[in-house]
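Commentary on secondary and tertiary structure
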Amino acid sequence: MKRITVAKGDGIGPEIMEATLAILQAAGAQIEVDEIEVGEQVYLAGNKSGIAEDAWDVIRRNKVFLKAPITTPQGGGYKSLNVTIRKMLGLYANVRPCLSLHPFVKTKHPGMDVVIIRENEEDLYAGIEHQQTDEVVQCLKLISRPGCEKIVQYAFAYARQYNRSKVTCFTKDNIMKQTDGLFHRVFDEIAPNYPDIQNEHWIVDIGAAKLADTPEAFDVIVMPNLYGDVLSDVAAQIAGSVGLAGSANLGEKCAMFEAIHGSAPRRAGQNLANPSGLLQGAIMMLNHIGQANVAERVQNAWLKTLEDGVHTYDVYQEGLSQQKVGTKEFAEAVIARLGQQPTTLKAVSYANTQALDIPKYKRKPLIDKQLLGVDVFVHWPGNDPDELAALVNRVSTPAIPLSLITNRGIKVWPNGFSETSCTDHWRCRFLPTDGQPINKQAIIHILSNALEVGIDTIKTENLYAFNGQPAFSMGQGQ
Ligand code: NAD
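Note that the coordinates shown come from a computational prediction; the quantities given were computed from them, not determined experimentally.

The next subject is the pairing of strand E16 (residues 402–407). If a strand is regular, its side chains alternate between the two faces of the sheet. For E16, a buried count of five out of six residues is recorded, marking the element as mostly surrounded by other parts of the structure. Pairing analysis gives five bridges linking E16 to strand E18 (residues 425–430), with the strands arranged antiparallel. Looking across to E18, one finds that isoleucine 405 is bridged to cysteine 428. In textbook terms, the turn of a hairpin is the stretch between consecutive antiparallel strands, and for E16 and strand E17 (residues 410–413) this stretch comprises two residues, one of which, arginine 408, has a positive phi near 50°.

To characterise two packed helices, one gives the angle between the axes of the helices and the distance between these axes. Relative orientation of the contacting elements helix H1 (residues 13–27) and helix H9 (residues 276–288) amounts to 40°, with a least axis distance of 9 Å. On the basis of the axis angle, H1 is oblique to H9. With respect to the hand of their crossing, H1 and H9 are arranged in right-handed fashion. Residue-level inspection shows Ile16, Met17, Thr20, Ile23 and Leu24 of H1 in contact with H9, the latter providing Leu278, Leu279, Ala282, Met285 and Leu286. Classifying every residue of the contact of H1 with H9 gives nine nonpolar, one polar and no charged.

Here the focus is the nonpolar core. Core analysis: the biggest nonpolar cluster contains 80 residues, and Leu66 and Ile117 have the highest contact counts within it. It is helix H5 (residues 145–161) that provides the largest number of residues to this core, a total of nine residues.

For the ligand, the set of nearby residues contains 18 residues, the closest of which are Ile70, Gly262, Ala264, Asn274 and Tyr313. Here a nitrogen atom of the ligand sits 2.8 Å away from a polar atom, N or O, in the side chain of tyrosine 313. Considered on its own, the ligand offers 810 Å² of accessible surface; in the complex 67% of this is hidden by protein. Residue composition of the shell around the ligand, grouped by class: seven nonpolar, seven polar and four charged.

Here we come to the domain arrangement of the protein chain. Accessible area lost upon the coming together of the parts is a frequently used measure of interface size. Per the domain assignment, the segments of the protein chain are domain 1 (1–92 + 240–350), domain 2 (108–239) and domain 3 (369–470). Averaged C-alpha coordinates put domain 1 and domain 3 at centres separated by 52 Å.

Next up on the list: the pattern of salt bridges. Inspection of every chain in the model, using the stated rule, returns 24 salt bridges. When the shortest N-O distance is used, the salt bridge between aspartate 34 and arginine 3 registers 2.8 Å. Here arginine 3 lies in strand E1 (residues 2–7) and aspartate 34 lies in strand E2 (residues 31–36), a separation of 31 residues in the sequence. By relative accessible area, which is 38% here, arginine 3 ends up partly exposed. When salt bridges with common partners are traced through the structure, they connect Arg145, Glu149, Glu189 and Lys364 into a single cluster.

Moving on to the packing of aromatic side chains. All told, the structure shown has nine aromatic pairs when counted by the stated rule. Here a set of aromatic residues connected by ring pairs shows up, and it is made of Tyr92, Tyr154, Tyr158 and Tyr162. The ring of tyrosine 316 carries lysine 324 above its face, with NZ or CZ at 4.9 Å from the centroid. The ring of tyrosine 464 has lysine 369 sitting right over it, with the charged end atom 4.3 Å from the ring centre.

Conventions adopted
- Residues numbered from 1 in each chain as written.
- Predicted model: local features only at pLDDT ≥ 70, side-chain atom pairs only at ≥ 80, totals over all residues.
- Heavy atoms only, no water.
- Buried < 20%, exposed > 50% of the residue type's maximum accessible area, 1.4 Å probe, protein only.
- Helix = DSSP H or I, 4+ residues; strand = E, 2+ residues; numbered from the N terminus.
- Pairing = 2+ DSSP bridges.
- Axes fitted to C-alpha atoms, helices over the stretch in contact; angles between N-to-C directions.
- Parallel < 35°, antiparallel > 145°, perpendicular 65-115°, else oblique.
- Left-handed = near helix turned anticlockwise from the far one by under 90°.
- Contact = heavy atoms within 4.5 Å.
- Nonpolar A, V, L, I, M, F, W, Y, C, P; charged D, E, K, R; others polar.
- Core = buried A, V, L, I, M, F, W, Y, C linked by side-chain atoms within 4.5 Å.
- Near = heavy atom within 4 Å.
- Polar contact = N/O pair within 3.5 Å; in protein donor to acceptor, adjacent residues only side chain to side chain.
- Areas by Shrake-Rupley, 256 points an atom, 1.4 Å probe, with all protein chains shown as cover.
- Domains from an automatic or database assignment.
- Salt bridge = Lys/Arg side-chain N within 4 Å of Asp/Glu carboxyl O.
- Phe/Tyr/Trp six-rings, centres within 6.5 Å; stacked < 30°, edge-to-face > 60°.
- Lys NZ or Arg CZ within 6 Å of the ring centre and 35° of its normal.

Listed below in structure tokens is the structure:
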């Protein structure tokens, strides 16, 4: 018997959770449930994070959490509970299978069977944002080697466990050579450890276009957080409906399972909602806790139910569906088919499926790091880069001269174009002409000179070489 934590959530949450738990129980799942309250009522009671301390204790003790969708109240500084839970519990992998159920659920892509594996903790979702000038705000995109290694390992291990033949990586490393470049590099490092699985990389823009057009060309796709957030919804929608997809959020110690859709408040309390998304999350949970035989029974009964044309309103189609049912009746129809297999759709077999054991990240030996220079970001409301260069040249030292000014990454000095549009946010790069390392005192010197001449410095970024390789981007047009 495995104790799990359950949150019934908001809107349609309680109805679809009740339906899901009824199916699990009828299928013989060996689970005991501890219920916690999270979401709208907790937020509105004044808890900005939507979860109380004692609820955290239950989640951390049980380690496995089945969560219905919750409503995040608009405005008022409420933090998204989903993002908080994923990050606090280190749930680094978000797994979303997107399977077409043609001809029983309408889709333009009958052969689609794609699993999106999204990095879940970092990238632009670190949520580190600042306004720096009147006109410019920034969001830090953080990508780490442990983050990349864990998610790429997970994708290949998942592919092997579920007999999938290919893992594709999507990044934008032609533009973001450091951040997405690291993700792609780690993918290339790990792929050869799985010679039985094909691997390929696509630039995310054309990869996304291909996914939307020809999803049959893909199998497992691994990607950084933002692309994964967007494209997993696209993939679920083109497979048939976001209402049919579930997701698993997995970490080294804990795991959370859910539907990918929200709390659909307008449909709440009417016995209308489709419980399939949450049920799909619950099936992944059963596999995770070593109850693969129950997972298989439920999945095959669910496929058979859809195949028999028993459909909730969101997938119901005149002429194709046999019976329009509510949430409760759909659950009863699945229960009635436990032990049956689909005949047209492919039955699943989850024999030997269990939680994946991903090797723990080991910190590598320290890399030799040298300070080569500094980027000083300046708030300056002028328009003429030559004028700014004259001002900034007064703060540089002969040993570390001003080498470049960019505006939003584009070189504007020396020899900029008058056509380039500029805002009030300038990056001034100081680099020694001889390429020799500098010390931090030199940076402090530049900053204190800037203070004296009245230049408004808003941040600095050190320019490093790692193992002798400069590890920062050039200015565009440099
Ligand atoms: P939503 O997913 O709740 O609804 C989008 C559309 O899909 C609606 O038309 C809805 O009726 C339909 N739909 C969704 N699930 C369905 C189901 N199971 N059966 C039938 N139809 C279904 O998205 P939204 O309207 O943008 O968000 C509503 C609330 O949900 C917001 O407060 C949002 O913050 C929250 N939300 C929560 C989660 C989560 O808890 N994981 C995820 C997304 C959104």
